[in-house]
Amino acid sequence: MRFVFSLLTLSLAFANAGGADAQEHKAREHARAAAVAAAKAHGKDPVVSMEEPARSYFDWGAVIHPNGEVMSVRDGSVAASMGVRTGDRLLQIDQQKFSGQALGDIIAYLEGLEHGSELIVIVARDENTKTLVGKVAATVIPGWRLEVDVANEQVDIADSNACGRISVFATPPQTRDLYPAYFSEIDGENAPPRRSIIKLSPGKHMIELHELISDPWVRRKKGIQQAKAIEIDIKADTTYYLAAKFVREKRLSTFNEEYWQPVVWREIEQACEGD
């Protein structure tokens, strides 16, 4: 099973780099779970696609009673930064007058405001009228697309009922300088295209991989990148997860592409039967 999970916009920011890594890992795990569920739900369909466009919403940060009175103001919100206070009575937001208008319409107007636009609010406070000005800080939810290629989950090239697996499906941990890769050749033969899991007979096999390293420090020479080989002694009922290991101290070396090497980063016992 192969999936593509691509963000159509990158407007969503995280608090720090460590948090971003954790969020990305969590998002990938959710995408995988969704891919599995989609495959099961659509039965024998060869490809399943789901997507949702980018959207945003604005939470002003003030709770308004139907009579227009401000019941509470959340600390750190746009309403708080504008100087809105509990007990104020809402009169107008931009050109939207509160009098004679349903509260739901005012809330819908606020939620639809664009990020960065100016917001003018008029309130009654004690015996005075106050005009408060602020900037809209909308929350942006990136658009996404999930494509599940059900037909290309794995291929069986084992020559016996006993088998093990090699896989580039699982995303390796970049915190260990491990990056995705794809199969180039298996024992001197071209690898089946678009396959991320391959069943092999027990014994020694020569696997060639191409790297998909995204680290900005990588320096590649021009032209077609060469594949690199790793020999694996396949055991029955065992899955070997492969990746491209980024050799950071040789990140500027293009000679023989010394900046990376193929590795087995995970090995687990898993029942495997040849077709």
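Scroll up for the structure.
About the criteria used
- Sequence order as written defines residue numbering, which begins from 1 separately in each chain.
- Residues qualify for local features only when their pLDDT is at least 70, as the model is predicted, and side-chain atom pairs are given and counted only at 80 or more; totals for whole chains, interfaces and linings, by contrast, use all residues.
- Note that water and hydrogens are dropped before the side-chain values are worked out from all heavy atoms of the structure.
- Disulfides are defined in this document as cysteine sulfur pairs within 2.5 Å.
- Numbering of helices and strands starts at the N terminus; helices are DSSP runs of H or I of at least 4 residues and strands are runs of E of at least 2.
- To sort residues, take the accessible area from a 1.4 Å probe on protein chains only and compare it with the maximum for the residue type: under 20% means buried, over 50% means exposed, and anything in between is partly exposed.
- Here a polar contact is recorded for every N or O atom pair within 3.5 Å, except that within protein the pair must consist of a potential hydrogen donor and a potential acceptor, and residues adjacent in sequence are included only if both atoms are side-chain atoms.
- Contacts are residue-level and defined by heavy atoms, with any inter-residue pair within 4.5 Å sufficient.

Draft legend 1. How the structure looks around the state of the cysteines. Following the criterion strictly, the structure yields one disulfide and no others. The side chain of Cys 163 participates in a disulfide bridge whose partner is Cys 272; the two sulfur atoms lie 2.0 Å from each other. Of note, the bridge from Cys 163 to Cys 272 carries an S-S torsion of about -110 degrees and is left-handed in sense. In this pair, Cys 163 sits in the loop between strand S12 (155-156) and strand S13 (164-167) while Cys 272 sits in the segment after strand S21 (260-269), placing the two residues 109 residues apart along the sequence. Like Cys 272, Cys 163 is buried.

Draft legend 2. Quick look at the side chain of Ser 201. As for its placement among the helices and strands, Ser 201 is situated in the loop between strand S17 (197-200) and strand S18 (203-211). On the accessibility criterion, Ser 201 (8% relative accessible area) is buried. Only 2.4 Å separates the side chain of Ser 201 from the side chain of Asp 159, close enough to count as a polar contact. Beyond its immediate stretch of four places on either side in the chain, Ser 201 contacts Ala 158, Asp 159, Ser 160, Ala 162 and Ile 234.

Draft legend 3. Spotlight on the environment of Ala 108. Considering the arrangement of structural elements, one finds Ala 108 in helix H3 (residues 103-111). Spatially, the C-alpha atoms of Ala 108 and Phe 58 are 9.6 Å apart, while their sequence positions differ by 50 residues.

Draft legend 4. Spotlight on the side chain of Ser 77. Following the sequence through the fold, Ser 77 ends up in the loop between strand S5 (70-73) and helix H2 (78-82). Ser 77 has contacts with Trp 60 and Gly 61, leaving out every residue within four places of it along the chain.

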